[in-house]
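# Structure at a glance
What follows is each chain in one-letter form.
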Amino acid sequence: MSAAAGTFAAVFAALYVAHSVGDHWVQTSAQSAAKGRPGWPGRLADTRHVVTLTATKLAVLLPVAALLGLGLSLVGLLAGMAVDAVTHWWADRRTTLAALARVTGKTEFYVLGTAAHPAHPVTVDGTPAAHLGTGAYALDQSFHHLWLLVAALLITLL
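Residues numbered from 1 in each chain as written. Predicted model: local features only at pLDDT ≥ 70, side-chain atom pairs only at ≥ 80, totals over all residues. Heavy atoms only, no water.

Of the pockets and cavities examined, the largest pocket occupies roughly 290 Å³. Ser32, Lys35, Arg94, Tyr137 and Asp140 are, among the 16 residues lining the largest pocket, the residues nearest its centre. Every element with two or more residues in the lining of the largest pocket is listed here: α1 (3-26), α4 (74-92) and α7 (135-157). Considering each element in turn, the lining of the largest pocket owes the most residues, four residues, to α7. (1 Å grid on protein atoms, 1.4 Å probe; cavity = no way out; pocket = protein on both sides within 12 Å on 5 of 7 lines; lining within 4 Å. Points joined across faces, edges and corners; volume = space filled by probe spheres on them. Helix = DSSP H or I, 4+ residues; strand = E, 2+ residues; numbered from the N terminus.)

See the structure below:
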C-alpha cells in the first residue's frame, strides 16, 4: 500500500467518525430543528451547526494526523475542510437536498418513513407509528459521506 493510500484511509476514517459524532452528539436540537427553516434564521442555525461540526472534525482529525505522523499540508486541510463544510451546509438547508432528490427521481424514497409516503408506518389505530430514520435522513447521510470521501482525497493529495 502506498503512503498516500494509508494517509487517505486514516483521514477518511477520522472524518467519518467525527462526522457521526458532530452530526448526532454535538449538533443541538435547536440547530437541527431550525437549520432547514427559510430565511436568515435557518441559514444561521445551519451555519452554527456546520461550525461546530467542522470543529469536531478538526478535533478528531488533527490528533489522529499527529499521532500517525501523516504530515498533512495546510492547503489540503483547508481545501478539504472547506469543501466538506460548504457541501454539508448546502445539504442541511433541506430544501436543496429535497430538490436534488426530486431531479434524480428519488422523491418517493426521500419521503419514506414520513406521512407523505404512500406506505407510511401506522399503528393499529391508524396513527403515525414511531420508526427509526427516514429516506431523507438516509439520502442526507449518503450525500455527506460522498463529500467526506472528496474531502479526504483533497486533504491527502494537496
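Our focus in this paragraph is the pattern of salt bridges. In total, this model carries two salt bridges according to the counting rule given. Ionic pairing is found between Lys35 and Asp92, a salt bridge with its closest N-O pair at 3.0 Å. On the criterion of sequence distance, the pair formed by Lys35 in the loop between α2 (29-34) and α3 (39-68) and Asp92 in helix α4 is long-range, its members being 57 residues apart. In this structure, Lys35 and Asp92 share a single accessibility class: buried. (Salt bridge = Lys/Arg side-chain N within 4 Å of Asp/Glu carboxyl O. Buried < 20%, exposed > 50% of the residue type's maximum accessible area, 1.4 Å probe, protein only.)

With 24 residues, α1 ought to run about 34 Å at 1.5 Å a step, and its terminal C-alpha atoms sit 32 Å apart, in line with that. Of the positions making up α1, those classed as buried are Thr7, Ala10, Val11, Ala14, Leu15, Ala18, His19, Gly22 and Asp23. Packing partners of the buried residues in α1 comprise α3, α4 and α7. (Expected span 1.5 Å × (residues − 1). Contact = heavy atoms within 4.5 Å.)

Under the definition given, this model contains four aromatic pairs. Seen from their ring centres, Phe12 and Tyr16 are 5.9 Å apart, and the 35° between their planes marks the pair as tilted. Placement of the pair is Phe12 and Tyr16 together in helix α1, with a separation of four residues, close to one helical turn. Using a relative accessible area of 22% as the deciding quantity, one classes Phe12 as partly exposed. With centroids separated by 6.3 Å and ring planes inclined at 55°, the aromatic side chains of Phe143 and Trp147 adopt a geometry described as tilted. With Phe143 and Trp147 both in helix α7 and four residues apart, this pair spans about one turn of that helix. Residue class for Trp147 comes out partly exposed when judged on its relative accessible area of 26%. Ring pairs connect the aromatic residues Phe8, Phe12 and Tyr16, which therefore count as one cluster. Over the face of the ring belonging to Trp40 we find Arg43, whose NZ or CZ atom lies 4.8 Å from the ring centre. (Phe/Tyr/Trp six-rings, centres within 6.5 Å; stacked < 30°, edge-to-face > 60°. Lys NZ or Arg CZ within 6 Å of the ring centre and 35° of its normal.)

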